[in-house]
Amino acid sequence: MGAGKGIEDAQHVSKIYEELAPWYSLLTSPEDYAEEARWYADLLRGHAAREVREVLELGCGSGANASHMKAWFQMVVSDLSPAMLRECSRINPDLEQHVGDLRSLRLDRRFDAVFVHDAASYLLRPDEVTAAVETAKVHLRPGGVVLFCPDDLAENFAPGTESGGHDAADGRGLRYLEWSRAGERDEEVVTDYALLLREADGSVRVAYDRHLTGRLSGTVWTSALTEAGFEVRKVPLQHSEVDEGRHHAFVGVLAL
């Protein structure tokens, strides 16, 4: 993907979100999300100025967070990639889902909360953040809350590598190496993935994918939410496997 391409191009071009979507839960297992999903749920309930019952998730991916959050909320999910929504349906056959871009989706209904997890990272420019904030606003009831969780900010980004993967009961398995660095533009991150995919018959193939994500400043996020009429708070992620201050979430509350 070339510099300047946004969420729409990233998700349509990406192998991980399209042709490799059936492997996604072996890249990152839904079980791994239990701790952070509870933290997100507590954050939504703790900041909303109304009872949180119905939650819209924008950019749900495989539905890993929703698989836990549906124990506390009535979840409705959306994603730009039909392939990822099919994977979400496999994990969460009980959830209502919609295909749509988080910058422009309009369902003509309102919720008590809107949740945006990793998909927030694919917003590369301030105008894309503004568009996503507007999507959240038009789907919220008075007193409702929105939660954005971008992976990186300009003020705390650090290049690095990660590795991992999982095995499935059917004999399939996946192992990956993830390598991230600053992009050509100051507000971008380039992440390269090398993946080993083991089929049920034991054969193994290699796949490569590149993702372009954002590292906008926290001021971009807080300004967009404030200008849209939200009361805003920047909150450090609390997780047993994450260094304090490494990641932050942005909470916005609409007035009653």
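Parameters and conventions
Residues numbered from 1 in each chain as written. Predicted model: local features only at pLDDT ≥ 70, side-chain atom pairs only at ≥ 80, totals over all residues. Heavy atoms only, no water. 1 Å grid on protein atoms, 1.4 Å probe; cavity = no way out; pocket = protein on both sides within 12 Å on 5 of 7 lines; lining within 4 Å. Points joined across faces, edges and corners; volume = space filled by probe spheres on them. Helix = DSSP H or I, 4+ residues; strand = E, 2+ residues; numbered from the N terminus. Nonpolar A, V, L, I, M, F, W, Y, C, P; charged D, E, K, R; others polar.

K.L.:
Is there a simple way to explain the layout of surface pockets in this structure?
P.N.:
Any space left empty among the atoms is revealed by the rolling of a water-sized probe across them. Approximately 1400 Å³ is the volume found for the largest pocket. As for the largest pocket, its lining consists of 44 residues, and the residues nearest its centre are Asp118, Asp151, Glu162, Glu178 and His247. Contributions of two or more residues to the lining of the largest pocket are made by α2 (24-27), α3 (34-47), β6 (160-167), β7 (173-182), β8 (188-198), β9 (204-214) and β11 (248-254). Examining the composition of the lining of the largest pocket, we find that seven residues originate from one element, β6, more than from any other. A breakdown of the residues in the lining of the largest pocket according to their chemical character gives 18 nonpolar, 16 polar and ten charged.

K.L.:
Sorry, what's going on with empty space enclosed by the protein here?
P.N.:
Overall, the coordinates contain three cavities of 30 Å³ or more when judged by the stated rule. Of the voids in this model, the largest cavity is the one considered here, and its volume is about 190 Å³. If you go around the largest cavity, you meet 18 residues; those closest to its centre are Tyr24, Gly59, Cys60, Gly61 and Asp118. When grouped by side-chain class, the residues that make up the lining of the largest cavity number eight nonpolar, seven polar and three charged.

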